[in-house]
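# Notes for the structure review
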Amino acid sequence: MRTGSLQFVTIAGVILLGAMMSGCPARGIGDPCVPEAIPGGGFDEREIYVETSSVQCRTRTCMVFRLNGDPSKVLEDGTCPDNIDCVSRELPVTVDTSLERVFCTCRCSATDGDSNTPLCDCSDGFHCVDVLTAGGAGVRGGYCVPNDLCTADEDCASGRCDLDTGVCLVNET
């Protein structure tokens, strides 16, 4: 009788421990995130910001790709009462105030052959774009970004990138 009770307690303990260790669901490439450090006045649409210690992302990397505004001030959430430096959930990624320009990502290519940091494969709807040429060897290289965004013509299926906006241009026929 005692052995049965001990087995039950052991099994219950293992199940409880497993449930506690599972924590929050994992976040993948493209999941939303908000960087911990946001400059006063928000981000500049001419820059790409990579935060490599984001606890919101399973990949631990949150990217702000040429966003104009503050991702913590969202029009639809009522977190932007003054309508200054706001972003929108309802705008497509091609608009520089779209919250879709802030997402979890991962490093998919290394600059100068650095292979000490693991690399990832981009998921559907994303492609690898070289975004960091400066910084430590473990962060320089390419990161997964939505297919509509670019830093050079070769990043786009159309072969044409608007370098001012970071958006792939559509072929006109």
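Before reading further, recall that the structure is shown in the block above.
Bear in mind that the values here come from a model prediction, so they are computed numbers and not experimental data.

## Points about the environment of Tyr-49
With respect to the element layout, Tyr-49 can be found in strand β1 (residues 48-51). Look at Tyr-49 and you get partly exposed, because its relative accessible area is 26%. Not counting the four nearest positions on each side in its chain, Tyr-49 is found in contact with Pro-35, Ala-37, Phe-43, Cys-62, Met-63 and Val-64.

## Quick word on the sheet that holds β1
Read from one edge of the open sheet, three strands run β1-β2-β3, paired in antiparallel fashion. The outermost strands of the open sheet, each flanked by one partner alone, are β1 and β3 (102-104). Direction aside, neighbouring strands of the sheet carry axes that sit 20 degrees apart on average. Strand direction decides the pairing type here: β1 and strand β2 (residues 62-65), joined by four bridges, are antiparallel. Following the sheet pairing, Glu-51 is matched in β2 by Cys-62.

## Here's the deal with the environment of Val-50
Locating Val-50 in the fold gives a position in strand β1. Residue Val-50 is classed as buried on the basis of its relative accessible area of 18%. Taking C-alpha positions, Val-50 is 9.3 Å from Tyr-143, a pair spaced 93 residues apart along the chain. Contact partners of Val-50, with chain neighbours within four places excluded, come to Thr-61, Cys-62, Met-63, Leu-132 and Tyr-143.

## Side note on the nonpolar core
By size, the foremost hydrophobic cluster in this structure holds 17 residues, and its most contacted members are Met-63, Phe-65, Phe-103, Val-131, Val-145 and Leu-149. When residues of this core are traced back to their parent elements, those giving at least two are β2, β5 (126-132) and β6 (141-146). For this core, the element with the highest residue contribution is β5, accounting for four residues. In this structure Phe-65 touches Glu-47, Ile-48, Arg-101, Phe-103, Val-131, Val-145, Leu-149, Cys-150, Thr-151 and Gly-166, once residues within four positions along its chain are discounted.

## A look at the environment of Cys-80
Tracing the backbone shows Cys-80 in the loop between β2 and β3. Judged by its relative accessible area of 6%, Cys-80 falls in the buried class. As for Cys-80 and Asp-70, which are separated by ten residues in sequence, their C-alpha atoms are 9.5 Å apart. Setting aside residues no more than four positions away along its own chain, Cys-80 makes contact with Lys-73, Val-74, Leu-75 and Cys-86.

## Looking at the state of the cysteines
Applying the stated rule across the entire model yields eight disulfides. Residue Cys-80 pairs covalently with Cys-86 via a disulfide, S to S 1.4 Å. Classification of Cys-86 by relative accessible area gives buried; the value is 12%.

## Digging into the sheet that holds β6
With antiparallel pairing, three strands are arranged side by side in an open sheet as β4-β6-β5. Only two strands of the sheet have a single neighbouring strand rather than two, namely β4 (107-110) and β5. On average, adjacent strands in this sheet sit at an angle of 40 degrees to one another, irrespective of strand direction. Pairing of β4 with β6 involves three bridges; the strand directions are antiparallel. Within the sheet, the bridge partner assigned to Ala-110 lies in β6 and is Gly-141.

The rules behind each value
- Residues numbered from 1 in each chain as written.
- Predicted model: local features only at pLDDT ≥ 70, side-chain atom pairs only at ≥ 80, totals over all residues.
- Heavy atoms only, no water.
- Helix = DSSP H or I, 4+ residues; strand = E, 2+ residues; numbered from the N terminus.
- Buried < 20%, exposed > 50% of the residue type's maximum accessible area, 1.4 Å probe, protein only.
- Contact = heavy atoms within 4.5 Å.
- Pairing = 2+ DSSP bridges.
- Axes fitted to C-alpha atoms, helices over the stretch in contact; angles between N-to-C directions.
- Core = buried A, V, L, I, M, F, W, Y, C linked by side-chain atoms within 4.5 Å.
- Disulfide = S-S within 2.5 Å.

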